[in-house]
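Commentary on secondary and tertiary structure
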Amino acid sequence: ESDALRASVNAAHEREVQLREKLEGVDTGAASRQQRQQALERRVVELRAEVQGLQTELVAAAKAPACKPATATPPVNGVSNDETTWAANRLLEAKVASLREQLKQRR
């Protein structure tokens, strides 16, 4: 009977050790998740401030009087201003697409 009690005590002790180790792992995971959440919350605050700044710029730009040239701009090096503008737009669109793809890969 004492051997059975001793075995029972040893089993209970082993189970206690296992549970403590499991709890330590859970605590460590919770701490790292909390740190990640805090970092993400800081990033959200930064992004909100950036968005607010961009909105302010947009409102200011919308209120500014539009500049309209009195005459059409002459071609530069045989290329019209419209062609140059479209070429720049295509380059910017390619850059935006590239940045979006990089963002998807990071997620």
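We now turn to the structure provided with this report.

Scoring rules and cut-offs
Residues numbered from 1 in each chain as written. Predicted model: local features only at pLDDT ≥ 70, side-chain atom pairs only at ≥ 80, totals over all residues. Heavy atoms only, no water. Helix = DSSP H or I, 4+ residues; strand = E, 2+ residues; numbered from the N terminus. Buried < 20%, exposed > 50% of the residue type's maximum accessible area, 1.4 Å probe, protein only. Areas by Shrake-Rupley, 256 points an atom, 1.4 Å probe, with all protein chains shown as cover. Salt bridge = Lys/Arg side-chain N within 4 Å of Asp/Glu carboxyl O.

Further remarks concern the overall build of the protein. Along its length, the protein carries 2 helices and 0 strands. When the 107 residues of the protein are sorted by exposure, 1% land in the buried category. Total accessible area computed for the protein in this model is approximately 10400 Å², and 57% of it derives from carbon and sulfur atoms.

With that settled, consider the pattern of salt bridges. Applying the stated criterion to the full structure yields 3 salt bridges. In this structure, E46 engages R43 in a salt bridge whose closest nitrogen and oxygen atoms are separated by 3.4 Å. Taken together, the residues E46 and R43, both in helix α1 (residues 2-63) and 3 residues apart, mark about one turn of the helix.

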